[in-house]
Amino acid sequence: SIGEFWSRWHISLSSWFRDYLYLPLGGNRVKKGRWLANIMIVFVVSGLWHGANWTFMAWGALHGFYYLVQSAWSSAAGGIKKTWLFSRLPVMYDTFCLFVTFAAVNLAWIFFRASSLDDAKTIILNLGVGWENVLHAPQLRDCIISLGMGYANLTVAVTSIALITVNEWLYGKADLEKGVRNYPAYVR
């Protein structure tokens, strides 16, 4: 979820905004309308902290919007989880939520990296356009497929990510350092 993303992403900055902006504004101990405003203020100021540009403000406002949608979704999620598909396949619900969060955060990164709001708009409107040129240009296709790293480095990166994912799955919430410490030195 977006809430979990923000609790893990840039922890020191998120804590600073919580302690020095969100809580002095009243946090969640205020009426709902004021709480909604507090959330948006914190996220827009977070965008401004990254730079005095409309793109950063849009990035912050988008994350604030995501957070509010996630909050509303969480209160409705009990009913959503009881639907036939999600009640029988809870992993599918978790995967769905993970995909939505990943897509939303990546959409917001467009605003973070764009030079202007017009550039961000152009990028978003052209996300699905032009792939026919990529598929017919071998050098460009190979670069995109290997993410510009070359196939050897891509293989190492994907293998490393897979091993880390398997390790996390095996150890769950256990202390990763303790789990890795049990491996022989050459595996570590």
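Residues numbered from 1 in each chain as written. Predicted model: local features only at pLDDT ≥ 70, side-chain atom pairs only at ≥ 80, totals over all residues. Heavy atoms only, no water.

Student: Describe the environment of Lys-121, listing the residues and the values that go with them.
Tutor: Looking at the element boundaries, Lys-121 is found in helix α7 (residues 117–125). Along the primary structure Lys-121 and Ile-110 are separated by 11 residues, whereas in three dimensions their C-alpha atoms are 9.0 Å apart. (Helix = DSSP H or I, 4+ residues; strand = E, 2+ residues; numbered from the N terminus.)

Student: I'd like to hear about the pattern of salt bridges, residue by residue, with values.
Tutor: According to the stated counting rule, one finds 2 salt bridges in the structure shown. With its nearest N and O atoms 2.9 Å apart, the salt bridge here joins Glu-4 to Arg-8. Pair noted here: Glu-4 and Arg-8 are both in helix α1 (residues 2–8), with a separation of 4 residues, about one helical turn. As a salt-bridge pair, Arg-18 and Asp-19 come within 3.0 Å of each other at their nearest N and O atoms. (Salt bridge = Lys/Arg side-chain N within 4 Å of Asp/Glu carboxyl O.)

Student: Quick rundown of the nonpolar core? Include the residues and the values.
Tutor: Counting 24 residues, the largest nonpolar core has Trp-6, Ile-39, Trp-59 and Tyr-66 as its most contacted members. Elements supplying a minimum of two residues to this core: α1, α2 (11–22), α3 (32–50), α4 (54–81) and α6 (90–113). A total of 6 residues in this core trace back to one element, the largest contributor, which is α6. What Trp-6 contacts, discounting residues up to four positions off in sequence, is Ser-14, Phe-43, Ser-46, Trp-59 and His-63. (Core = buried A, V, L, I, M, F, W, Y, C linked by side-chain atoms within 4.5 Å. Buried < 20%, exposed > 50% of the residue type's maximum accessible area, 1.4 Å probe, protein only. Contact = heavy atoms within 4.5 Å.)

Student: Quick rundown of the packing of aromatic side chains? Include the residues and the values.
Tutor: Here a ring pair, both rings aromatic, is described through the centre-centre distance and the interplanar angle of the planes. A full pass over the atoms with the stated rule returns 13 aromatic pairs. Judged by centre distance (5.7 Å) and plane angle (85°), the ring pair of Phe-5 and Trp-6 falls under edge-to-face. Using a relative accessible area of 18% as the deciding quantity, one classes Phe-5 as buried. An aromatic cluster of at least three residues, connected via ring pairs, comprises Phe-5, Trp-6, Trp-9, Phe-43, Phe-56, Trp-59, Tyr-67, Trp-109 and Phe-112. (Phe/Tyr/Trp six-rings, centres within 6.5 Å; stacked < 30°, edge-to-face > 60°.)

Student: Go over the packing of α2 against α3 with me, naming the residues and quoting the values.
Tutor: Interhelical geometry of α2 versus α3 gives an angle of 130° and a closest axis separation of 11 Å. Judged by the angle between their axes, α2 and α3 are oblique. As for how α2 packs across α3, the hand of that crossing is right-handed. When α2 is examined against α3, the residues Leu-13, Phe-17, Leu-21 and Tyr-22 are found in contact with a partner set consisting of Trp-35, Asn-38, Ile-39, Ile-41, Val-42, Val-45, Ser-46, Trp-49 and His-50. Of the residues in the contact of α2 with α3, the class split is 10 nonpolar, 3 polar and no charged. (Axes fitted to C-alpha atoms, helices over the stretch in contact; angles between N-to-C directions. Parallel < 35°, antiparallel > 145°, perpendicular 65-115°, else oblique. Left-handed = near helix turned anticlockwise from the far one by under 90°. Nonpolar A, V, L, I, M, F, W, Y, C, P; charged D, E, K, R; others polar.)

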